[in-house]
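Each chain is listed here by its residues.
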Amino acid sequence: MIEARELTKRYGDKTVVDHLSFTVKPGEVTGFLGPNGAGKSTTMRMIVGLDSPTEGSVTVNGRSYAGHTAPLHEIGTLLEAKSVHPGRSAFNHLMALAHTHGIPRNRVAEVIELAGLSSVAGKRAGAFSLGMGQRLGIAAALLGDPAIVMLDEPVNGLDPEGVLWVRNLLRGLADEGRAVMLSSHLMSETALIAEHLVIIGRGRLLADTTVDEFTREAGGGGVKVATAEAARLRSLLAGPDVTITSSAAEELLVSGRDAREIGAIAARHGVALYELTPQSVSLEAAFMELTRDVVEYQSAPAGTGRKAA
Amino acid sequence: MPNTALRRIQRPGRRSGLSAAPDPTPSAVPGTAYKVTGIRVLRSEWAKFWSLRSSWITLGVAVFLLVLFGTIASYTFDPDATATGGPGGPGSGGGDSTAVSLALTGVTFASLAVGVLGVLLSAGEYSTGMIRSTLAAVPRRLPVLWSKAAVIGPIALVLTTVGASAAFMLGAPGLDGERIALSLGDDGVLRSLAGAGVYLGLVAVFGVALGVLIRSSAGAIAALVGILLVLPGLASLLPDSLYDSINPYFRTVMSSSVGGRGV
């Protein structure tokens, strides 16, 4: 379990991570999402103690990372794929890490096998393709049989077969009761793997939700209604939480009421509808909608931070 | 289907896996087998050192230079040159040349090689990103630093002492019959050869320190060359009073006093 409490990181007067609190629970996959530069990598670096927080704290299984006697057994991480000396072979790289914890040689062979690197284990890591480097990073993350697996952009550079492999692997790890956290800037990809979503923008928490809930909310893209009596229907549908916009003379875009409700109201008042279409929003679009404000912020002049979510 | 099953080590106080895959019986392993210890970090650094081709090459170059220059200096030694005070490299031109100082002619060059070796060991990790993996495995940083020093120091010490002795023995026939000829058994010879090894071992550790401080291979190597070779020369431009108080602290001078006999 990873628990971040009011985690903050400033570089000079630039706040990269801003009072971020979230929990990564065992037995589920948590997607850590945000546009580029949102502070995802910095947050992950703070979790494993590569950066120290300016304020706040983060614990891994109840302790700070450096407080563990066998950190690789608590949390396995893939931060940047090329955290490897290019002159060392994949096997020797993993073996060097294994030595620090007294992890036996057969465990190293096991993760090499698991990551599909058996045929290239003796090759210098510098000669690896992006995808193979990523597999080596994942092998290193799994080396210590960790209770938590944390991967930064794990599917970067992988071919479709590799993406599927990562997806199944992470699913399997979570099903075994481990906590899995993966970062991404791709909502659609993450939604396929994760159950839980932590979305950040400009270092702030924008949403801490589940994929199901996010999908449901994303569905609230409004309902398109076409009728000859647009003005009359408009007044019939009006309500406290309802907004209605119109793009053409006979068309209305209603949000705040679902298609069923609108159909019923129209039928009750004898308004003929030509079209009644729920406007579904893709997850990617919903994600962009959610993060639009924080992306816009970056080009806006400095001002007081508005709570974005 | 890709295999996702992983062997689980049972940990006390942690719930067992939820998978249908058979779990090892609880408490089969007493406690957690995995633990970071000082010895294990040392073992890891040892393995890291020898698993890089650059370590072998740089170490080989250091010993090779030591033997080559030492031997050549002994064979080309010309007692008459001392009278004219001719140019010649360090150790070969001075009037106080001995068989030992000639054998140690290559120390300056070897010191650059072992210094670079030390730099590569530490700064090389920062340049390549390996340091992230290293510190993820050993989040307390000092054991990593001590281990690097404890690996490179003795390795450099032992191999360069052997190299210096080899240079001395290979050069001995070249000085046969000369006034300055010495044998291994002579007073202070072994001490001087081992002293050269100690000096070179310390230079390697110094390289590790520079590498950690500067975190860039190129920058740390430049600093190393500057400190070992350029700075002592620059200091001689200082007024005598200042120079006399600074000079004893230069490492190259230390090399003369640890390694050079009777200096």
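Residues numbered from 1 in each chain as written. Chains lettered and ligands numbered in written order. Predicted model: local features only at pLDDT ≥ 70, side-chain atom pairs only at ≥ 80, totals over all residues.

Trainee: Whenever I open this one, the overall build of chain A confuses me. Can you help?
Mentor: A count of helical and extended segments in chain A gives 11 helices and 13 strands. When its C-alpha atoms are laid out on the principal axes, chain A stretches across 80 × 45 × 30 Å. Among the 309 residues that make up chain A, the fraction classed as buried is 47%. Long-range contacts, defined as pairs at least 24 residues apart, comprise 68% of the intrachain contacts of chain A with a sequence gap of at least 6. (Helix = DSSP H or I, 4+ residues; strand = E, 2+ residues; numbered from the N terminus. Buried ≥ 20, exposed ≤ 12 C-beta atoms within 10 Å, placed from the backbone. Contact = placed C-beta atoms within 7 Å.)

Trainee: Teacher, can you tell me more about the overall build of chain B here?
Mentor: Of regular secondary structure, chain B possesses 11 helices and zero strands. Reading the secondary structure of chain B in the N-to-C direction produces α-α-α-α-α-α-α-α-α-α-α.

Trainee: What am I meant to see in the confidence of the model for chain B here?
Mentor: A low pLDDT means the predicted coordinates there should not be read in detail. Residues and elements named next belong to chain B. In this model, chain B carries an average pLDDT of 80, and 76% of its residues clear a pLDDT of 70 or more. Note that pLDDT drops below 50 for residues 1-31; the model gives that stretch 41 contacts with residues more than four away or on any other chain. Confidence drops under a pLDDT of 50 for residues 83-94, and excluding neighbours within four residues, the segment shows 20 contacts in the predicted structure. (pLDDT = per-residue confidence, 0-100.)

Trainee: Would you mind showing me how to read the sheet that holds strand 13 (residues 273-278) of chain A here?
Mentor: Consider a sheet: its strands pair through backbone hydrogen bonds, and that pairing is either parallel or antiparallel. All names here are of chain A. Read from one edge to the other, the open sheet built from four strands follows the order 11-12-10-13, with strand pairing classed as antiparallel. If you trace the sheet from one side to the other, it starts and ends with strand 11 (243-245) and strand 13, each paired once. For this sheet, the mean inter-axis angle between neighbouring strands, taken without regard to orientation, is 20°. Where strand 10 (residues 223-227) lies against strand 13, five bridges are found, and the strand directions are antiparallel. Pairing of V225 across the sheet is with L276, part of strand 13. (Pairing = 2+ DSSP bridges. Axes fitted to C-alpha atoms, helices over the stretch in contact; angles between N-to-C directions.)

Trainee: Got a minute to help me understand the packing of helix 5 (residues 107-128) of chain B against helix 9 (residues 217-235) of chain B in this structure?
Mentor: When two helices pack together, their arrangement is given by the angle between the helix axes and by the axis-to-axis distance. All names here are of chain B. For the pair helix 5 and helix 9, interaxial distance at closest approach is 8 Å and the crossing angle is 155°. Regarding the angle of helix 5 to helix 9, the classification is roughly antiparallel. Where helix 5 crosses over helix 9, the handedness of that crossing is right-handed. Contact residues: S111, L112, G115, V116, V119, L120, A123, G124 and S127 in helix 5; S217, A220, I221, L224, V225 and L228 in helix 9. (Parallel < 35°, antiparallel > 145°, perpendicular 65-115°, else oblique. Left-handed = near helix turned anticlockwise from the far one by under 90°.)

Trainee: So what exactly am I meant to see when it comes to the interface of chain B and chain A here?
Mentor: Taken together, the 40 residues of chain B in the interface contact 45 residues of chain A. Of all elements in the fold, only helix 1 (38-50), helix 2 (53-75), helix 5 and helix 6 (130-137) of chain B reach the threshold of two or more residues within the side of chain B that touches chain A. Considering only residue class, the side of chain B that touches chain A consists of 16 nonpolar, 12 polar and 12 charged. (Nonpolar A, V, L, I, M, F, W, Y, C, P; charged D, E, K, R; others polar.)

Trainee: When you look at the environment of D241(A) in this model, what are you seeing that I'm missing?
Mentor: Secondary-structure assignment places D241(A) in the loop between helix 9 (230-237) and strand 11. Taking C-alpha positions, D241(A) is 41 Å from L151(A), a pair spaced 90 residues apart along the chain.

Trainee: Could you clarify how one ought to interpret the environment of S184(A) in this entry?
Mentor: All names here are of chain A. Considering the arrangement of structural elements, one finds S184 in strand 7 (residues 179-184). A tally of 22 C-beta atoms within 10 Å means that S184 is categorised as buried. Distance in space between the C-alpha atoms of S184 and F32 is 6.3 Å, their sequence separation being 152 residues. Setting aside anything within four residues of it in sequence, one finds S184 in contact with G31, L33, E153, E189 and T190.

Trainee: Would you take a moment to explain the sheet that holds strand 6 (residues 148-152) of chain A for this structure?
Mentor: Residue and element names in this part refer to chain A. The six strands lie next to each other as 5-6-7-3-8-9, forming an open sheet whose pairing is mixed. A strand with exactly one partner marks an edge of an open sheet, and here the two such strands are strand 5 (75-78) and strand 9 (204-210). On average, each strand axis in the sheet is tilted by 15° relative to the strand beside it, whichever way the strands run. Strand direction decides the pairing type here: strand 5 and strand 6, joined by four bridges, are parallel. Considered in strand 6, the bridge of I75 is made with I148. Helix 6 (residues 160-175) rests against strand 3 (29-33), strand 6 and strand 7 of the sheet, and its axis sits at about 150° to strand 7.

Trainee: Please explain the pairing of strand 1 (residues 2-11) of chain A as it appears in this structure.
Mentor: A regular strand places its side chains on the two faces of the sheet in alternate fashion. Residue and element names in this part refer to chain A. Relative to strand 4 (residues 55-60), strand 1 runs antiparallel, the two being bridged by five bridges. Bridge pairing links T8 to E55 in strand 4. Relative to strand 2 (residues 14-24), strand 1 runs antiparallel, the two sharing seven bridges. Within the sheet, the bridge partner assigned to A4 lies in strand 2 and is F22. Hairpin connection between strand 1 and strand 2: a loop of two residues separates the two successive antiparallel strands, and G12 in this loop has a positive phi of roughly 65°.

Trainee: Got a minute to help me understand the nonpolar core in this structure?
Mentor: Generally speaking, nonpolar side chains in soluble globular proteins are found buried as a group. In terms of nonpolar packing, the biggest core is built from 90 residues, with L94(A), L136(A), A139(A) and L143(A) touching the most fellow members. The residues contacting L94(A), other than those within four sequence positions of it, are V108(A), V111(A), I112(A), A139(A), A140(A) and L143(A). Counting residues in each nonpolar core, the second largest holds 54 residues, with A103(B), A196(B), V205(B) and L210(B) among its members. (Core = buried A, V, L, I, M, F, W, Y, C linked by C-beta atoms within 7 Å.)

Trainee: Looking at this structure, how should I read helix 9 of chain B?
Mentor: Because an α-helix packs 3.6 residues into every turn, residues spaced three or four apart end up facing the same way. Residues and elements named next belong to chain B. If you check helix 9, its first and last C-alpha atoms are 26 Å apart, about what 19 residues at 1.5 Å a residue would give, namely 27 Å. At I227, helix 9 is deflected by roughly 40°, the largest bend along its length. Where helix 9 is concerned, the buried positions are A220, I221, L224 and L228. (Expected span 1.5 Å × (residues − 1). Bend = angle between axes of the 7 residues up to and from the residue.)

Trainee: Just checking my understanding: could you explain the environment of E217(A) for this structure?
Mentor: Residues and elements named next belong to chain A. With respect to the helices, strands and loops of the structure, E217 is situated in helix 8 (residues 211-218). With 14 C-beta atoms counted inside 10 Å, the residue E217 sits in the partly exposed group. Note: C-alpha distance between E217 and T8 (209 residues apart in sequence) is 29 Å.

Trainee: I'm lost on the confidence of the model for chain A in this one. Help?
Mentor: Residues and elements named next belong to chain A. Per-residue confidence for chain A gives a mean pLDDT of 88; residues scoring 70 or more make up 93%. The least confident element of chain A, judged by mean pLDDT, is helix 11 (residues 283-299) at 73; the most confident is helix 3 (residues 90-101) at 96. This stretch, residues 300-309, has a pLDDT under 50; its non-local contacts, to residues over four places away or in other chains, come to seven contacts.

Trainee: Please clarify how the packing of helix 5 of chain B against helix 8 (residues 189-214) of chain B should be interpreted in this entry.
Mentor: Residue and element names in this part refer to chain B. Where helix 5 contacts helix 8, the two axes come as close as 7 Å, and the packing angle between them is 35°. With respect to the hand of their crossing, helix 5 and helix 8 are arranged in right-handed fashion. Across the interface between the two elements, V107, A110, S111, V114, G115, V116, L117, G118, V119, L121, S122 and A123 of helix 5 pack against A196, L200, V203, A204, V205, F206, G207, V208, L210, G211, V212 and I214 of helix 8.

Trainee: Is there a simple way to explain unusual backbone geometry in this structure?
Mentor: Negative phi is the rule for most residues except glycine; trans is the rule for most peptide bonds. Residue and element names in this part refer to chain A. Not every positive phi belongs to a glycine, and E6 is a case in point at roughly 50°. Under the C-beta neighbour-count criterion, E6 is labelled partly exposed, with 13 such atoms within 10 Å. Its identity as a non-glycine residue notwithstanding, E153 has a phi of 50°, on the positive side. Mapped onto the secondary structure, E153 falls in the loop between strand 6 and helix 6. Note on E153: 20 C-beta atoms within 10 Å, which makes it buried.

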